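Here is how the chains run, residue by residue.
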Amino acid sequence: MSTSPRRYTLSLSCPDRVGIVAAVSNFLAEHSGWITEASHHAETESQLFFMRQEILADSLKLDIGAFRAKFARLAAPFEMKWRISDSARKKRVVILVSKQEHCLYDLLGRWHAGELDIDIPCVISNHETFRGLVEWHGIPFHHVPVTPDTKAEAYAKVEQLYREAEGDVMVLARYMQILAPDLCDKFPGQIINIHHSFLPSFVGAKPYHQAFQRGVKLIGATCHFVTSELDQGPIIEQDVVRIDHSDVPEELVRSGKDVEKAVLARGLRFHLEDRVLIHGNKTVVFR
């Protein structure tokens with residue numbers, strides 16, 4: 001459980017112009033807001049400005065409802081797209097998984113240890129493989145089979161379960177199915193995936209074995225938002241590890257799983273802490 005002070009996180013984007021930082025800073029100062037972390041970035045090509053501020057909640061003379069109402073009046077002239085979150089409310093993470101266990105084990109371990117201060121209202125899988133593990137952790141497990149003939153019904157059920165769980169984010173922890181495009185479109189910026197970073201090379205079964213046959217020297221992983229265009233969503237986080245000629249395919253698989261776990265955990269944490277702002281098919285990530 002987190003022991004850090006309660007904080008509000010304000011993040012925003014808007015057309016770049018003079019006075020944005022001053023306007024936001026003055027607003028917070030007027031209401032006694034104590035800023036503990038501040039980041040901003042100007043995108044030259046798109047002429048967009050991005051900002052993230054962490055504020056001690058107890059320092060403000062406003063509750064979060066009043067903050068939203070007053071800040072909306074400031075935001076309008078700047079054409080801001082903005083949100084504010086409260087650390088006192090844990091984000092609700094719904095996990096989807098198939099038969100590969102490494103990312104699920106890692107997320108459950110981090111959650112159980114308090115490293116990820118989240119709620120996991122349920123785990124959804126197209127196989128029964130991990131029911132015992134998930135239920136041992138006290139988390140509801142839903143088996144939703146997916147076949148070529150039942151995809152529409154299956155993804156309608158996934159949507160229903162996600163909505164009933166009041167999910168904030170859906171994590172595909174090596175969920176080896178392609179989500180229906182309409183499901184992706186309904187939850188933009190709310191579905192996160194992890195995969196090996198060989199794509200578009202080595203598509204299909206046993207990518208690490210294919211990479212071994214090509215003599216690759218680097219393997220890696222990519223965490224990204226899911227869109228209706230397969231594996232083309234905005235990238236949140238990536239990493240690589242170096243290998244050499246002595247590594248057999250099994251070593252590549254092991255190293256690949258290690259980097260997938262780490263990249264997914266970091267990417268999810270960035271998202272949970274409102275450090276990721278999307279613009280088009282790119283992201284700004286305030287680390």
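Residues numbered from 1 in each chain as written. Predicted model: local features only at pLDDT ≥ 70, side-chain atom pairs only at ≥ 80, totals over all residues. Heavy atoms only, no water.

### With respect to the overall build of the chain
For the chain, the helix and strand inventory stands at eight helices and 13 strands. Taken over C-alpha atoms, the radius of gyration comes to 21 Å for the chain, in line with the 19 Å a tight globule of 287 residues would show. Looking at the chain residue by residue over its 287 residues, the buried ones come to 47%. Looking at the chain, you have 34 positive and 37 negative side-chain charges, and the mean spots of the two groups are 2 Å apart. (Helix = DSSP H or I, 4+ residues; strand = E, 2+ residues; numbered from the N terminus. Rg over C-alpha atoms; globule rule 2.2 N^0.38 Å. Buried < 20%, exposed > 50% of the residue type's maximum accessible area, 1.4 Å probe, protein only. Lys, Arg positive; Asp, Glu negative; His and termini not counted. Charge placed at Lys NZ, Arg CZ, Asp CG, Glu CD.)

### Section: the environment of leucine 96
Secondary-structure assignment places leucine 96 in strand E5 (residues 93-97). Taking relative accessible area as the criterion, leucine 96 reaches 0% and is therefore assigned buried. Distance from leucine 96 to valine 158, taken between C-alpha atoms, is 9.2 Å for residues 62 residues apart in sequence. With residues near it in sequence (within four places) discarded, leucine 96 still touches Ile124, Val158, Met170, Val171, Leu172, Ala173, Tyr175 and Leu179. (Contact = heavy atoms within 4.5 Å.)

### Observations regarding the nonpolar core
Counting 31 residues, the largest nonpolar core has Ile95, Leu104, Leu107, Val123, Ile192, Leu264 and Leu268 as its most contacted members. If you list the elements that add at least two residues to this core, you get E5, helix H3 (102-112), strand E8 (169-172), strand E9 (191-196), strand E10 (218-225) and helix H8 (249-272). Aside from chain neighbours lying at most four places away, what touches leucine 107 is Ile95, Leu116, Val171, Ala173, Leu264 and Leu268. Core analysis: the next-biggest nonpolar cluster, separate from the first, contains 23 residues, Tyr8, Cys14, Leu62 and Ile64 among them. (Core = buried A, V, L, I, M, F, W, Y, C linked by side-chain atoms within 4.5 Å.)

### With respect to the packing of aromatic side chains
Under the defined criterion, the tally for this structure stands at six aromatic pairs. Pairing phenylalanine 71 with tryptophan 82 gives two aromatic rings, centres 4.9 Å apart and planes at 65°, and the pair type is edge-to-face. Taken together, the residues phenylalanine 71 in helix H2 (residues 64-78) and tryptophan 82 in strand E4 (residues 81-86) connect sequence positions 11 residues apart. Accessibility expressed as a relative area gives 25% for tryptophan 82, which makes it partly exposed. Taken together, the ring pairs in this structure connect Phe27, Phe67, Phe71 and Trp82 into an aromatic cluster. (Phe/Tyr/Trp six-rings, centres within 6.5 Å; stacked < 30°, edge-to-face > 60°.)

### So, the pairing of strand E12 (residues 276-279)
With four bridges joining them, E12 and strand E13 (residues 282-285) adopt antiparallel strand pairing. Across the sheet, histidine 279 pairs through a bridge with lysine 282, a residue of E13. Following E12, the chain reverses through two residues before pairing antiparallel with E13; glycine 280 in that reversal takes a positive phi of roughly 65°. (Pairing = 2+ DSSP bridges.)

### Regarding the sheet that holds strand E7 (residues 141-143)
Across a sheet, strands are paired by hydrogen bonds formed along the backbone, either parallel or antiparallel in direction. What the seven strands build is an open sheet, ordered E7-E6-E5-E8-E9-E10-E11; its pairing is mixed. The two strands at the open ends of the sheet, each matched to only one other strand, are E7 and strand E11 (235-242). Each neighbouring strand pair of the sheet contributes to a mean axis angle of 15°, computed without reference to strand direction. Strands in contact with H3 are E5, strand E6 (123-125), E8 and E9; relative to E5, the strand with the most contacts, it is inclined by about 155°. (Axes fitted to C-alpha atoms, helices over the stretch in contact; angles between N-to-C directions.)

### Concerning the sheet that holds strand E1 (residues 7-15)
Overall, antiparallel pairing links the four strands, which are arranged E2-E3-E1-E4 in an open sheet. Lying at the two open borders of the sheet, with one neighbouring strand each, are strand E2 (34-43) and E4. Averaged over neighbouring strand pairs, the angle between their axes works out to 10° when direction is ignored. With six bridges joining them, E1 and E4 adopt antiparallel strand pairing. Paired with leucine 10 across the two strands is isoleucine 84, which belongs to E4. Across the sheet, H2 is in contact with E1 and E4; its angle to E4 comes to roughly 165°.

### Things to note about the pattern of salt bridges
Counted by the stated rule, this structure contains 29 salt bridges. Among the ionic pairs, glutamate 54 bridges to arginine 275, the shortest N-O distance being 3.6 Å. Placement of glutamate 54 in strand E3 (residues 48-56) and of arginine 275 in the loop between H8 and E12 is noted, with a sequence separation of 221 residues between them. As a salt-bridge pair, aspartate 258 and arginine 254 come within 3.4 Å of each other at their nearest N and O atoms. (Salt bridge = Lys/Arg side-chain N within 4 Å of Asp/Glu carboxyl O.)

### Overview of the packing of H3 against H8
Relative orientation of the contacting elements H3 and H8 amounts to 45°, with a least axis distance of 9 Å. Looking at the two axes, H3 sits oblique to H8. Here H3 and H8 pass one another in a crossing that is right-handed. Of the residues in H8, those touching H3 at His102, Cys103, Asp106, Leu107 and Arg110 are Lys257, Glu260, Lys261, Leu264, Ala265 and Leu268. By residue class, the composition of the contact of H3 with H8 is five nonpolar, one polar and five charged. (Parallel < 35°, antiparallel > 145°, perpendicular 65-115°, else oblique. Left-handed = near helix turned anticlockwise from the far one by under 90°. Nonpolar A, V, L, I, M, F, W, Y, C, P; charged D, E, K, R; others polar.)

### Focus on unusual backbone geometry
Positive phi is not limited to glycine here, since glutamate 166 has a value of about 55°. Inspection of the secondary structure assignment puts glutamate 166 in the loop between helix H5 (151-164) and E8. Of note, aspartate 274 is a non-glycine position whose phi angle comes to about 55°, a positive value. Looking at the secondary structure, you find aspartate 274 in the loop between H8 and E12.

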